Amino acid sequence: MENSKELMVKTINLKKTERIPVAPHWWGIYKYEALGLDYKKDAWKDGQQLSEVYINFYEKFKPDWFHLHIGTPKYFKDSEIIFKDGKYYLKIDKKFKSLKKEDRYFSSNSPNDEEIIDFPDYLLSSRKDKPKVNLSSKNKIEEFIKKYIHLSAQEIIEMGYTDHFPQIVNKYGNDVFIAVHIPSAICEIFDPTTGYLGFEQGLMSFHDYPEGMQYFLSRCYEEQLEWAKAYASAGAHSFIISESYISPDLANPQFYKQFMKHIHLDYFTEISSYGLIPICMFWGDVNPLLNDYCQTNVKAIMFEESKKGFNLDIGKIREQIGHKVCVFGNLDSIYLLREGSYEEIKNEIIRQAEGARYNFIISNGSPVTPGTPQQNLDILIKTGKELKWK
Amino acid sequence: MSIDEIKKELYNNVLSGDFELTKELAEKAISEGIDPLEAINSYLIPAIELVGEKFGKREYFLPDLMRSANAMKSALNIFENEIHKSGVERKSLGKIVIGTVKGDIHEIGKSIVAALLSAKGFDVTDLGIDVDSDAFINNIIEKNANILAMSALLPITMPYQGVVIEELKKRGLREKVRVMVGGAPVTQEHADKIGADGYADNAVDAVKLAEKLMAK
């Protein structure tokens, strides 16, 4: 009988399996809630403590994968947590002060460089004081990357961002699929609060500085390969990126074809060469670009659930792209998984699997939402595991 | 360039989103004696309305919308200054306080709605993201707002729209301000449940809703 890892790898490689793998999207804060933890406090954990959160959640629900996030830096360890004015603060232990200064991924959001204010929202707000990149010349772009973005794989490992891997890999590496899911370079550039350009300026830059934008995008994806190398050496099986902000419901699909498609092709090809399976979560309305995504060497595609203004039906997606790539399901995380009944969840899993007709992984369209009854996640996983291809 | 050509080009350049040219045309319009109020009502607003329609039909995308909104604002500032100099005030369609609720840092949808409302002629105060009920209410009082518009992108933050409505009731302000809500997970059912006056499915409909609420 195939184990979870074999099931996932075979399915992603478009091979038939005994049953349909079940890999719910458990990337977000739900894991803390499910374990009775307070994410506002417990997300401070260092890599080793973090791996225990993942392991305990895995043991509770037994999905077919570990869906890991970027991890936490070493300097979170032993830092004092202070609660004042309704917000949590992390006071960096003095012994890590120099390490903290070297971290170009997150920067401190307090003037004295010792406190991190309002964690975990800090993760999103920490970079808001960084300057925006100047796209007028390659030299300026390179200076910005050197100062604010570049971390080598070795530095990423030394910083502690892979410290949640060893325990998980040692215990489950042969049996369970281990994927790390990080925001794409586009997200790093376009995030409205923290992005290197911000959302509005980012979109306008396609018009105003097309050459600079093309160069910067290409370099940011190159830089992100260092993260893939770090996770490959830590024992990940797959590297997932979330693509957002330039989906066809927001930006003209021509932007993707002109600026991004060739970058994705090189990027996913390179990731495969590290021994990692490249998976991409395309947020937003993917319909106009589905065939383009399939030409990028990505091995599996994740989609969000249908939203206002666009419908993402797995059966119709399959009809459009055939069996060129593996697809993840997109059960509605709010109105079905959080609020649906046993029958509703089961019926939708079956409906999606029948629509996908092989090369399909049962999943939900966005992270499991806080407030979701644990029994509903159980229904998703247990019902899914009982399904076999006809 | 004739007066008719200036008017036509104002309209066309808002449509194409040319910031610099629209600004130049607005200055030229003033020097040629074109009535600024007529320029706004007959050329800028129809142009931005068409942009909104095209955005709704996905003929235009967000960058096009942003460029057009910026082009329009560049001309609008010039015309409004001129109107102000003459001692007349441009009639506002209503005062709106808008923001993304506490705990939620998503602002794209909210910003699109704010841009379209502003372009349409509403006086918009955008409080940004992560806005708590005190900030909403203080601004409603300070600006004497007619409408409160709240956005939430996350299922965990959308109940806060109801918290703000309850706070408005507690302070005796609920009858003085109309409340509209929106955001990806927000539905009409949610709007009814929390006692909002209106819900819109998208940015274009949000503008129509605001006009409808003002007419009540």
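Residues numbered from 1 in each chain as written. Chains lettered and ligands numbered in written order. Predicted model: local features only at pLDDT ≥ 70, side-chain atom pairs only at ≥ 80, totals over all residues.

## Quick notes on the overall build of chain B
In step 1: Across its full length, chain B holds nine helices and five strands.
In step 2: Tracing chain B from N to C terminus, the helices and strands come up as α-α-α-α-β-α-β-α-β-α-β-α-β-α.
In step 3: With the C-alpha coordinates of chain B rotated into their principal frame, the extents come out at 55 × 40 × 25 Å.
In step 4: Split into buried and exposed, the 216 residues of chain B put 50% on the buried side.
In step 5: Intrachain contacts of chain B at a sequence separation of at least 6 include 73% that bridge at least 24 residues. (Helix = DSSP H or I, 4+ residues; strand = E, 2+ residues; numbered from the N terminus. Buried ≥ 20, exposed ≤ 12 C-beta atoms within 10 Å, placed from the backbone. Contact = placed C-beta atoms within 7 Å.)

## Re unusual backbone geometry
All names here are of chain A.
In step 1: A positive phi angle, close to 60°, is found at L14, a residue other than glycine.
In step 2: Among the secondary structure elements, L14 is positioned in the loop between α1 (4-12) and α2 (30-34).
In step 3: On the basis of neighbour count, L14 is assigned to the partly exposed category, with 14 C-beta atoms found within 10 Å.

## Remarks on the interface of chain B and chain A
In step 1: Counting residues at the interface gives 14 residues for chain B, matched by 18 residues for chain A.
In step 2: Counted by class, the side of chain B that touches chain A contains ten nonpolar, one polar and three charged residues. (Nonpolar A, V, L, I, M, F, W, Y, C, P; charged D, E, K, R; others polar.)

## A closer look at the pairing of strand β3 (residues 87-91) of chain A
Residues and elements named next belong to chain A.
In step 1: Judged by which residues are buried, β3 turns out to be one-sided: Y88 and L90 face inward and are buried, whereas K87, Y89 and K91, on the alternate face, are not.
In step 2: The sheet contact formed by strand β2 (residues 80-84) and β3 spans five bridges and is antiparallel. By the bridge assignment for β3, K84 is matched with K87.
In step 3: The hairpin turn running from β2 into β3, its antiparallel successor, is two residues long, and D85 in that turn takes a positive phi close to 50°. (Pairing = 2+ DSSP bridges.)

## Some thoughts on the pairing of strand β8 (residues 300-303) of chain A
All names here are of chain A.
In step 1: Where burial is concerned, the two faces of β8 agree: the one with A300 and M302 and the one with I301 and F303 are both buried.
In step 2: Direction of pairing for strand β7 (residues 277-282) relative to β8: parallel, over a ladder of four bridges. The residue bridging M281 from the neighbouring strand is M302, located in β8.
In step 3: Across two bridges, the pairing between β8 and strand β9 (residues 326-328) is parallel. When the bridges of β9 are listed, I301 appears paired with V327.

## A look at the domain arrangement of chain A
In step 1: Domain annotation of chain A identifies domain 1 (4-72 + 131-386) and domain 2 (76-129).
In step 2: Between domain 1 of chain A and domain 2 of chain A, the C-alpha centre-to-centre distance is 26 Å. (Domains from an automatic or database assignment.)

## A short note on the sheet that holds strand β1 (residues 65-68) of chain A
All names here are of chain A.
In step 1: The parallel open sheet is built from seven strands, whose spatial order is β1-β5-β6-β7-β8-β9-β10. Across the chains shown, the open sheet's two edge strands, defined by having one partner strand only, are β1 and β10 (360-361).
In step 2: Pairing analysis gives two bridges linking β9 to β10, with the strands arranged parallel. Bridging across to β10, F328 finds its partner in I361.

## Digging into the sheet that holds strand β4 (residues 178-182) of chain B
All names here are of chain B.
In step 1: Spatially, the five strands line up as an open sheet ordered β2-β1-β3-β4-β5, and their pairing is parallel. One side of each edge strand has no neighbouring strand; the edge strands of this open sheet are β2 (123-126) and β5 (198-199).
In step 2: Examined bridge by bridge, strand β1 (residues 95-100) and β2 share four bridges and lie parallel to one another. Its bridge partner lying in β2, I98 is registered against D126.
In step 3: The strands touched by helix α6 (residues 133-143) within the sheet are β1, β2 and β3 (147-151), with β1 carrying the most contacts at an inclination of about 165°.
In step 4: Against the sheet, helix α9 (residues 203-215) touches β1, β3, β4 and β5, its axis set at about 165° to β4. (Axes fitted to C-alpha atoms, helices over the stretch in contact; angles between N-to-C directions.)

## Looking at helix α13 (residues 253-273) of chain A
Residues and elements named next belong to chain A.
In step 1: Taking 1.5 Å as the rise per residue, α13 with 21 residues should run 30 Å; its terminal C-alpha atoms sit 28 Å apart, in good agreement.
In step 2: Helix geometry: α13 is bent most strongly at M260, by close to 50°.
In step 3: Along its buried surface, α13 packs onto α12 (210-234), β6 (238-243), β7 and α14 (290-293).
In step 4: Residue G275 follows α13 closely and has a positive phi angle near 85°. (Expected span 1.5 Å × (residues − 1). Bend = angle between axes of the 7 residues up to and from the residue.)

## As for the packing of α12(A) against α13(A)
To characterise two packed helices, one gives the angle between the axes of the helices and the distance between these axes.
Residues and elements named next belong to chain A.
In step 1: Close contact between α12 and α13 brings their axes to 10 Å; oriented N to C, the two are set at 20°. Classified by the angle their axes make, α12 and α13 are roughly parallel. In this structure, α12 meets α13 at a crossing whose hand is right-handed. Here M213, Q214, L217, S218, Y221, L225 and A228 of α12 come into contact with α13, specifically with F259, M260, I263, Y267, E270 and I271.
In step 2: Grouping the constituent residues of the contact of α12 with α13 by class yields ten nonpolar, two polar and one charged. (Parallel < 35°, antiparallel > 145°, perpendicular 65-115°, else oblique. Left-handed = near helix turned anticlockwise from the far one by under 90°.)

## Section: the environment of F199(A)
In step 1: Tracing the sequence through the fold places F199(A) in helix α11 (residues 199-208).
In step 2: As for F199(A) and I189(A), which are separated by ten residues in sequence, their C-alpha atoms are 7.8 Å apart.
In step 3: Among residues more than four places away in sequence, those in contact with F199(A) are F190(A), P192(A), Y245(A) and I108(B).

## Thoughts on the environment of R219(A)
All names here are of chain A.
In step 1: Here R219 lies in helix α12.
In step 2: In sequence terms R219 and I145 are 74 residues apart; their C-alpha atoms lie 8.3 Å from each other.
In step 3: The residues contacting R219, other than those within four sequence positions of it, are I141 and I145.

## Describing the environment of V22(A)
Residues and elements named next belong to chain A.
In step 1: Turning to its location among the elements, V22 is positioned in the loop between α1 and α2.
In step 2: Given 26 C-beta atoms within 10 Å, V22 falls into the buried group.
In step 3: Counting along the chain gives 20 residues from V22 to E2, while the straight-line C-alpha distance between them is 13 Å.
In step 4: Those residues within four positions of V22 in sequence are excluded, and the remaining contacts are P63, D64, I362, L380, I381, G384 and K385.

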